[in-house]
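Here is what each chain is made of, one letter per residue.
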Amino acid sequence: SKNAYTQTAIFGYGFCKGAHEAFNLILRNALRMSAVGLVSELSSIFMKLFVVAGVSTGSYLAMEEFYGHDLFSVIGVVVLIAIISWFVADMFTGVLGIAVTTILQCFLVDEEMFGGTGSHFIPDELDDFINKVDNEATKK
């Protein structure tokens, strides 16, 4: 899985050990991982829909302007363009999703490794924000 590859990239583990470590990291931080996963997936879907709508609208307007009199209907071509744009947007958002997962795992690993002494690689502003959110969540 992509989480095992991330652990392999961070620590240089083999794939099986990386998968084991990734599973344990996800298990220890299940709420954070699921929240980020949900937000990431929803934003990915909205990005794909936005790209498809924009490309389809633009192609419809351009084809209607330039080829409207030559074609019986431009809808078939626009549907084909929409399908292709969905797959292209899916590839780009897939790369973005892996980047989000990698950054989250790096954040969690840094927090676990240097949690008692302060996060070593996390910017102070982000660390203060996370601590503030955690403190507010524990008060409720």
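Residues numbered from 1 in each chain as written. Predicted model: local features only at pLDDT ≥ 70, side-chain atom pairs only at ≥ 80, totals over all residues. Heavy atoms only, no water.

## Structural notes on the overall build of the protein chain
A tally of helices and strands in the protein chain yields five helices and zero strands. The order of α-helices and β-strands along the protein chain, N terminus first, is α-α-α-α-α. In summary, the protein chain has a C-alpha radius of gyration of 22 Å against a globular reference of 14 Å for 140 residues, an excess of more than 25%. Counting only C-alpha atoms and orienting by the principal axes, one finds that the protein chain spans roughly 70 × 40 × 25 Å. Within the span of the protein chain, comprising 140 residues, buried residues form 25% of the whole. For the protein chain, the exposed area adds up to about 9800 Å²; of that, 71% sits on carbon and sulfur atoms. Placing the 8 positive and 15 negative side-chain charges of the protein chain at their respective mean positions leaves the two points 11 Å apart. (Helix = DSSP H or I, 4+ residues; strand = E, 2+ residues; numbered from the N terminus. Rg over C-alpha atoms; globule rule 2.2 N^0.38 Å. Buried < 20%, exposed > 50% of the residue type's maximum accessible area, 1.4 Å probe, protein only. Areas by Shrake-Rupley, 256 points an atom, 1.4 Å probe, with all protein chains shown as cover. Lys, Arg positive; Asp, Glu negative; His and termini not counted. Charge placed at Lys NZ, Arg CZ, Asp CG, Glu CD.)

## Structural notes on the packing of helix α1 (residues 2–11) against helix α4 (residues 75–113)
Between α1 and α4, whose axes approach to 10 Å, the crossing angle comes to 55 degrees. Comparing the axis directions of α1 and α4 gives the class oblique. Note that α1 runs across α4; the crossing there is right-handed. Contact residues: α1 offers Lys2, Asn3, Thr6, Gln7, Ile10 and Phe11, while α4 offers Ile98, Thr101, Thr102, Gln105, Cys106, Val109 and Met113. Among the residues making up the contact of α1 with α4, the classes are represented as six nonpolar, six polar and one charged. (Axes fitted to C-alpha atoms, helices over the stretch in contact; angles between N-to-C directions. Parallel < 35°, antiparallel > 145°, perpendicular 65-115°, else oblique. Left-handed = near helix turned anticlockwise from the far one by under 90°. Contact = heavy atoms within 4.5 Å. Nonpolar A, V, L, I, M, F, W, Y, C, P; charged D, E, K, R; others polar.)

## Overview of the pattern of salt bridges
Once their charged atoms are close, side chains differing in charge can pair, the charge on each being opposite to the other. All chains considered together, the criterion is met by four salt bridges. In this structure, Lys17 and Glu21 form a salt bridge, with 3.5 Å as the shortest nitrogen-oxygen distance. In this pair, Lys17 and Glu21 both sit in helix α2 (residues 15–28), four residues apart, roughly one turn of the helix. For Lys17, a relative accessible area of 44% corresponds to the partly exposed category. (Salt bridge = Lys/Arg side-chain N within 4 Å of Asp/Glu carboxyl O.)

## Section: the side chain of Asn3
Summarising the element assignment, Asn3 is placed in helix α1. Owing to a relative accessible area of 15%, Asn3 belongs among the buried residues under this scheme. Each residue touching Asn3, except ones within four places of it in the same chain, is listed here: Ala22, Ile26, Thr101 and Gln105.

## Concerning α1
Within α1, burial applies to Asn3, Ala4, Thr6 and Gln7. One side of α1 holds all its buried residues, which, seen down the axis, span an arc of 155 degrees. For α1, exposure combined with an orientation more than 90 degrees from the buried face picks out Tyr5 and Ala9. Where α1 is buried, its residues contact α2 and α4. After α1 finishes, the residue Gly12 shows a positive phi value of roughly 80 degrees. (Arc of directions from axis to C-beta.)

## Structural notes on the nonpolar core
Across soluble globular proteins, you tend to see nonpolar side chains buried next to one another. Ranked by size, the top nonpolar core spans eight residues in total: Leu25, Met33, Leu104, Phe107, Leu108, Val109, Ile122 and Ile130. Examining the composition of this core, we find that four residues originate from one element, α4, more than from any other. If sequence neighbours within four positions are ignored, Leu108 has contacts with Leu25, Asn29, Arg32 and Met33. (Core = buried A, V, L, I, M, F, W, Y, C linked by side-chain atoms within 4.5 Å.)

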